[in-house]
Amino acid sequence: KHGHWKDTALMIKGDAVWSFTMMFLTMWDYLRHTNEDYELYRPHIYQTESVQSDGFVQPFTDSPLDNESVGETVYMNLINNSMDYVYITTPYLILDNEMITALSNAAKRGVDVKILTPYQEDKWYVHAVTRANYRALIDSGVQIYEYTPGFVHAKTFVVDDEYAVVGTINLDYRSLYLHYECGAWLYKTKSVLDVRDDYIETLKVSQRITDEDLNAIPWYNKILYAFLRVFAPLM
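Cut-offs applied
- Residues numbered from 1 in each chain as written.
- Predicted model: local features only at pLDDT ≥ 70, side-chain atom pairs only at ≥ 80, totals over all residues.
- Heavy atoms only, no water.
- Helix = DSSP H or I, 4+ residues; strand = E, 2+ residues; numbered from the N terminus.
- Buried < 20%, exposed > 50% of the residue type's maximum accessible area, 1.4 Å probe, protein only.
- Contact = heavy atoms within 4.5 Å.
- Areas by Shrake-Rupley, 256 points an atom, 1.4 Å probe, with all protein chains shown as cover.
- Pairing = 2+ DSSP bridges.
- Phe/Tyr/Trp six-rings, centres within 6.5 Å; stacked < 30°, edge-to-face > 60°.
- Lys NZ or Arg CZ within 6 Å of the ring centre and 35° of its normal.
- Core = buried A, V, L, I, M, F, W, Y, C linked by side-chain atoms within 4.5 Å.
- Expected span 1.5 Å × (residues − 1).
- Axes fitted to C-alpha atoms, helices over the stretch in contact; angles between N-to-C directions.
- Salt bridge = Lys/Arg side-chain N within 4 Å of Asp/Glu carboxyl O.

Would you mind going over the overall build of the protein in detail, with residue names and values included?
Helix and strand counts for the protein come out as nine helices and ten strands. Across the 235 residues of the protein, 45% fall into the buried class. Intrachain contacts of the protein at a sequence separation of at least 6 include 79% that bridge at least 24 residues. For the protein, the exposed surface amounts to about 12700 Å²; the carbon and sulfur share of it is 54%.

Structure representation (structure tokens):
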């Protein structure tokens, strides 16, 4: 019912796998009130295989219990340190002022900032707030695209052909501050270019949102968008 479902995933081999194993086990211990011996679950198969790395892979997790917004910090660092381009894919675009300012400033200093969101929503009210954020970003030079074949579930950043993040972290309040999330930060791996190439191919079947599109939104929808933005931190 959502049309074509677009998502992104990685296969990771080698030492970085253990980081994801630890993420799962610590979550398991917390929820089940157990105390597992983590060493029993350490993989050993890869130690006998030849695992070649062409860069760095750093898995990370984000918890609402540690008073540290790791996912937001990773994203903000990528935006603020970008030099050439920032390509973002997110199902939801419900931003606070700090994130909007960072994206706008990057675009104003000449960085090619593109954000891909779904055309077909899964939750109409969340999609309405997503679209309510378009105006401020487009006015600052950020390019917004909607994936016309259906729904985008992928959460990716790719920056300057050097950095990428693939994970579970949406650009919304709940994902950045309230949820357990995880991702993989990539630096100078071949997969960074794979993420970039996939993004460029996806844009070919996506529609760029223009000033004309925003101006054509009926006045009553604009009022609805403004009303729903009040509840954005709950979405």
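Further notes follow.
Outline the pairing of strand S8 (residues 163-167), supporting the account with residue identities and numerical values.
For strand S7 (residues 156-159) and S8, the ladder comprises four bridges, and the chain directions are antiparallel. Paired with Val-159 across the two strands is Tyr-163, which belongs to S8. Taking the residues that link successive antiparallel strands as the turn, the S7-S8 hairpin has three residues, and the phi of Asp-160 there is positive, at about 55°. Where S8 meets strand S9 (residues 181-187), five bridges bridge the pair, whose relative direction is antiparallel. Bridge pairing in S9 places Val-165 opposite Trp-185.

Describe the packing of aromatic side chains, listing the residues and the values that go with them.
The full count for this structure, using the stated rule, is ten aromatic pairs. Ring centres of Tyr-163 and Trp-185 lie 6.0 Å apart, and the angle between their planes is 40°; this geometry places the pair in the tilted category. Residue Tyr-163 is located in strand S8, and its partner Trp-185 is located in strand S9; the two are separated by 22 residues in the primary sequence. The exposure class assigned to Tyr-163 is partly exposed, which follows from its relative accessible area of 25%. Every member of this aromatic cluster is reached through a ring pair, and the members are Phe-56, Tyr-163, Trp-185 and Tyr-187. The aromatic ring of Trp-28 is capped on one face by Arg-32, whose charged end is 5.6 Å from the ring centroid.

With reference to specific residues and values, describe the nonpolar core.
Among the nonpolar cores identified, the biggest contains 33 residues, and Tyr-75, Leu-103, Leu-137, Ile-144 and Phe-157 are the most heavily contacted of them. Contributions of two or more residues to this core are made by helix H2 (70-80), strand S3 (85-89), helix H3 (97-108), strand S4 (112-118), helix H5 (134-139) and S7. The contacts of Phe-157, once residues within four sequence positions are left out, are Tyr-75, Leu-78, Ile-79, Val-86, Tyr-87, Ile-88, Tyr-163, Ala-164, Val-165 and Leu-171. Ranked by size, the runner-up nonpolar core spans 16 residues in total, among them Tyr-85, Tyr-87, Ala-154 and Ala-184.

Outline H3, supporting the account with residue identities and numerical values.
Helical geometry note: an α-helix holds 3.6 residues per turn, so side chains three or four residues apart project in the same direction. With twelve residues, H3 extends 16 Å from end C-alpha to end C-alpha; this agrees with the ideal 16 Å at 1.5 Å per step. The secondary structure elements touched by the buried residues of H3 are H2, S3, S4 and H5. Gly-110 sits one or two positions beyond H3 and adopts a positive phi of about 100°.

Account for the sheet that holds S9, with residues named and values stated.
The strand order S2-S9-S8-S7-S3-S4-S5-S10 describes an open sheet built from eight strands, whose pairing is mixed. The two strands at the open ends of the sheet, each matched to only one other strand, are strand S2 (56-62) and strand S10 (206-208). Averaged over all neighbouring strand pairs, the angle between strand axes comes to 20°, with direction disregarded. Helix-sheet contacts for H2 involve S2, S3, S7, S8 and S9, and the interaxial angle to S2 is about 135°.

Explain the environment of Ala-107 to me, using residue names and the numbers behind them.
In this fold, Ala-107 is placed in helix H3. Those residues in contact with Ala-107, other than ones at most four positions away along the chain, are Val-113, Ser-140, Gly-141 and Val-142.

Quick rundown of the pairing of S7? Include the residues and the values.
Across the two faces of S7 the burial is the same, with Thr-156 and Val-158 and Phe-157 and Val-159 all buried. Where S3 meets S7, four bridges bridge the pair, whose relative direction is antiparallel. Within S7, the position partnered with Ile-88 by the bridge is Phe-157.

Tell me about the pattern of salt bridges, and name the residues and values.
Applying the stated criterion across every chain yields a total of eight salt bridges. In this structure, Lys-6 engages Asp-198 in a salt bridge whose closest nitrogen and oxygen atoms are separated by 2.8 Å. Note that Lys-6 is positioned in strand S1 (residues 4-6) and Asp-198 in helix H7 (residues 190-203), a separation of 192 residues in sequence. Here Arg-196 and Asp-197 are joined by a salt bridge, their closest N and O atoms 2.8 Å apart. What emerges from the salt-bridge pattern is a single network uniting Asp-161, Arg-196 and Asp-197.

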